[in-house]
Amino acid sequence: MTVTATTPGSAATLARLRDEEGRPALVGYLPIGFPDVQRSVEALNTLVDHGVDMIELGLPYTDPVMDGPTIQAAAQQALDSGTRVRDLFPVVEAVASRGVPVLVMTYWNLVLRYGVDAFASDLAGAGGAGLITPDLIPDEAGRWIAASEAHGLDRVFLVAPSSTPERLALTARASRGFVYAASTMGVTGERTQVGARAEQLVADTRAAGAEHVCVGLGVSTGVQAAQVGRFADGVIVGSAFVRPLLGDAPWTDRLTALAAVTEDLASGVRSARAGSTGDSSTTSGETS
Amino acid sequence: MTDETRAPGTTSGTSAALTARLADVQGPYFGEFGGRFVPEALIAALDEVETEYRKALGDPAFTDELARLHRDYVGRPSPLTEVQRFAAHAGGARVFLKREDLNHTGSHKINNVLGQALLVKRMGKKRLIAETGAGQHGVATATAAALMDLECVIYMGEEDTRRQALNVARMRLLGAEVIPVTIGSRTLKDAINEALRDWVANVETTHYLLGTVTGPHPFPEMVREFHRIIGEEARGQVLERTGRLPDAVAACVGGGSNALGIFNAFLDDDGVALFGFEAGGEGVETGRHAARFSGGAPGVLHGARSYLMQDDDGQTLPSHSVSAGLDYPSVGPAHSWLHDLGRATYEPVTDVEAMDAFRLLCRTEGIIPAIESAHALAGALRVGRAAEAEGRTGPDGLPYTILVNLSGRGDKDVATAARWFGLLDADAGEDLENKEGRA
């Protein structure tokens, strides 16, 4: 990757991978400040070096209701190490300089407290691509929609298997970049199976007007990434990247383990559509 | 049972009559507070709850059954008790207690729980989950689940399971599963986080029986509706007893359900001062408190925008109170609205003030209050003394009259109180004497 002055948005990256490489994106999540700010940058660089296409940077929060035990533990360590919201922007800048889109996953109160427009301005200034907002639905997002328009940022809202067709349409309209489809009813965490409902949800979300749909929750292996990547524009992985970084092993060993997990998932998205061109209409047919 | 209890010739509703009644405001917003800041996965369920609850309130099959349970199971109407010996410490005011402590399960919580549990039966769900702080809401929920044959899981902070061990046993006796929450601050806030995570995963089979007027719409409005009976009864009872409305109404405010329940019947009576008493803990200046209106600022937690104890980054700050039920860093959005409107006044009451009032009610009236409710009692003493100091009385020189919501009984708090007052030690008497000096 070459360093670019402005990194592409998530939609451009998803379209490029689909059209030029015939594959979905691997979206990698890690919280900033875990285990501390400096080492979190090293971990993010490891993801980029080993095949992640887009980064989802988590802002640690005291009350993460959409996160399971693995990410809760990482967020708690980040807070315990003194991570502040303002630490986010230099990290965004460092990762964005690698040429990958950087989205920030944050619970809403942190943005409200910072100031919605100030946050958008500082994120855009650091080269960030946009926000993923797990506890902000479009109905409550008036100020964020205005700020993201003003600063050219992506707005990634979530849909769930329980979303009605009306809400899928509302969310598809309000989103910019892609729509985050929660594969299953539940919080973040590794699962042995990713629900069959994910494929239906992606199809329904596309039918409701979404150009790009990425799937998250539960994916932890290359095999699962390949399965989900057959029908999704991107595969979002979080807990499986956090897990090798937990514990007391020497940091370099933890990074080595993270690299191995990353390569497994990266090979998964690269094999997702190999030899299944007959399927491609379900993954690219809806787009303009 | 509402309008006929409104007395003619009182000070009620002169300006409010020209606009919508404050008592009937509907969500999702109370002024700029409230909303639905939750994962999309929950929206369909919240819509279902809202639709079913509005239908149910208009359906006699539902309202009649709820009224029957209130009468035959809870023991409503709860009495109104004038407490003259206690009031002797309140600057010459008359003090009336609305006795929610005498409800089945020992607090006001049962009003909301029965309403929502009946709703769950209508929706055809089989599993209830709930959070609890002091344990009162957990006990009430476990009770309703037993009565209505529903599976029941209660999330409770590990710190609270220790403070309220007796209530943990009560819930288990009633057949509920109690899950101690061992993450975060291990109190009510973290119990709500775990309940929300459970609900996101199991929303198709499960109802989250939220215990107070917080959370995403429609909970703040719906829980107020199930508790408005407190104020409606009390209003009629005070009118019957004194021939006029009270000058002040006092209640403790954690999430704020008992306070909103009693305030609601008086919101549109401009002459009735409303006081909510928050947990001042060890003193607002120490930072160890749960006084959201003194030490907080508007923010989002658990689905609603409201006053919130938070740091400069928006991270939730830990709250503190001797009372588990008031130990919560946010507050129901309707209270934030009433605060900003200036319609209700919110003040902190410290642990020491609350425990002094706790003991005073025990000694003067033979009533052991919940420590939560003791915050309202301490506040009432303060309001009565201030009225005396400022020479305020009722109309025509009648005594200043204060209505206090005695939201719960103190059986669950006996161990805490015994430790506080040193009643279990050999030198208990001496300890009591020392603390007596502060009363």
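Anything mentioned here points back to the structure above.
Residues numbered from 1 in each chain as written. Chains lettered and ligands numbered in written order. Predicted model: local features only at pLDDT ≥ 70, side-chain atom pairs only at ≥ 80, totals over all residues. Heavy atoms only, no water.

(A) Here's a closer look at the overall build of chain A. A tally of regular secondary structure across chain A gives 13 helices and nine strands. The globule rule puts the C-alpha radius of gyration for 288 residues at 19 Å, and the 17 Å found for chain A is close to it. Summarising its shape, the C-alpha atoms of chain A cover approximately 50 × 40 × 35 Å along the three principal directions. Within chain A, the proportion of its 288 residues that are buried is 62%. Sequence separation of 24 or more characterises 74% of the internal contacts of chain A that already satisfy a separation of 6 or more. Counting only carbon and sulfur atoms, one obtains 51% of the accessible surface of chain A, whose full area is about 10200 Å². (Helix = DSSP H or I, 4+ residues; strand = E, 2+ residues; numbered from the N terminus. Rg over C-alpha atoms; globule rule 2.2 N^0.38 Å. Buried < 20%, exposed > 50% of the residue type's maximum accessible area, 1.4 Å probe, protein only. Contact = heavy atoms within 4.5 Å. Areas by Shrake-Rupley, 256 points an atom, 1.4 Å probe, with all protein chains shown as cover.)

(B) Representation of the side chain of R76 of chain B. Residue and element names in this part refer to chain B. With respect to the helices and strands, the residue R76 is situated in the loop between helix 2 (60–74) and strand 3 (80–82). Residue classification places R76 among the buried positions, given a relative accessible area of 5%. Among the polar contacts listed, one links the side chain of R76 to the side chain of E100, at a separation of 2.7 Å. Setting aside chain neighbours within four positions, we find R76 in contact with H70, R71, K98, E100, N103, N111, I229, I230 and E233. (Polar contact = N/O pair within 3.5 Å; in protein donor to acceptor, adjacent residues only side chain to side chain.)

(C) Region of interest: the interface of chain A and chain B. Every contact between the two is made by 33 residues of chain A and, on the other side, 33 residues of chain B. For the chain A and chain B pair, buried surface summed over both sides reaches about 2800 Å², with 49% attributable to carbon and sulfur atoms. Looking only at chain A, the three residues that lose the most surface to chain B are V65, R113 and E140 of chain A, adding up to 22% of its buried area. Applying the counting criterion to the chain A and chain B interface returns four salt bridges. Here D63 of chain A and K189 of chain B are joined by a salt bridge, their closest N and O atoms 2.8 Å apart. At the junction of chain A and chain B, the tally comes to 20 residue pairs in polar contact (both at pLDDT 80 or more). For the side of chain A that touches chain B, the secondary-structure elements that each account for two or more residues are helix 3 (69–80), helix 5 (108–114), strand 6 (158–159) and helix 8 (165–174) of chain A. With five residues, the top contributor of residues to the side of chain A that touches chain B is helix 5 of chain A. (Buried area = accessible area lost by both parts, 1.4 Å probe. Salt bridge = Lys/Arg side-chain N within 4 Å of Asp/Glu carboxyl O.)

(D) Looking closely at the pattern of salt bridges. Inspection of the entire model under this criterion finds 55 salt bridges over all chains. A salt bridge links D313 of chain B to R84 of chain A, with the shortest nitrogen-to-oxygen separation between them at 2.8 Å. Taken as a pair, D313 of chain B in the loop between strand 12 (303–308) and helix 12 (333–341) and R84 of chain A in the loop between helix 3 and helix 4 (88–96) lie in two separate chains rather than in one. The exposure class assigned to D313 of chain B is buried, which follows from its relative accessible area of 9%. Judged by relative accessible area, which is 28%, R84 of chain A ranks as partly exposed. Between E233 of chain B and K98 of chain B there is a salt bridge whose closest N-O contact spans 2.7 Å.

(E) Molecular detail of unusual backbone geometry. All names here are of chain B. At the junction of R76 and P77, the peptide bond is cis and its omega measures out at 0° in the coordinates. Residue P218 is bonded to the preceding H217 through a cis peptide linkage, with omega at 15°. With respect to the helices, strands and loops of the structure, P218 is situated in the loop between strand 8 (206–208) and helix 9 (219–242). With a phi angle near 60°, D149 is a residue other than glycine that sits in the positive phi range. Along the polypeptide, D149 turns up in the loop between helix 5 (136–148) and strand 6 (151–157). Positive phi outside glycine occurs at H302, with the angle close to 55°. The topology assignment puts H302 in the loop between strand 11 (297–301) and strand 12.

(F) Looking closely at the pairing of strand 9 (residues 234–237) of chain A. Residue and element names in this part refer to chain A. Residues G234 and I236 of strand 9 are buried on one face, and the alternating residues V235 and V237, pointing to the opposite face, are buried as well. In this structure, strand 1 (residues 25–31) lies alongside strand 9, joined through four bridges in parallel fashion. The residue of strand 9 that forms the bridge with G28 is V237. The pairing of strand 8 (residues 213–216) with strand 9 spans two bridges and is classified as parallel. Note that in strand 9 the partner of C214 across the bridge is G234. (Pairing = 2+ DSSP bridges.)

(G) Region of interest: the sheet that holds strand 5 (residues 127–132) of chain B. All names here are of chain B. The strand order across the open sheet built from four strands is 7-6-5-8, with neighbouring strands paired in parallel fashion. Either end of the sheet is taken by a strand with one partner, and the two such strands are strand 7 (177–181) and strand 8. Here the average twist between neighbouring strands, direction ignored, is 20°. On top of the sheet, helix 5 reaches strand 5 and strand 6; it is set at about 165° to strand 5, its chief contact. (Axes fitted to C-alpha atoms, helices over the stretch in contact; angles between N-to-C directions.)

(H) Spatial organisation of the sheet that holds strand 12 of chain B. Residue and element names in this part refer to chain B. Within the open sheet, the four strands sit side by side as 1-2-12-11. Their pairing is antiparallel. What marks the edges here is a single partner per strand, and that holds for strand 1 (29–30) and strand 11. Inspection of the sheet shows strand 1 paired to strand 2 (residues 33–37) by two bridges, in the antiparallel sense. Paired with Y29 across the strands is G34, a residue of strand 2. This element, helix 12, spans strand 1, strand 2 and strand 12 of the sheet and lies at about 45° to strand 12.

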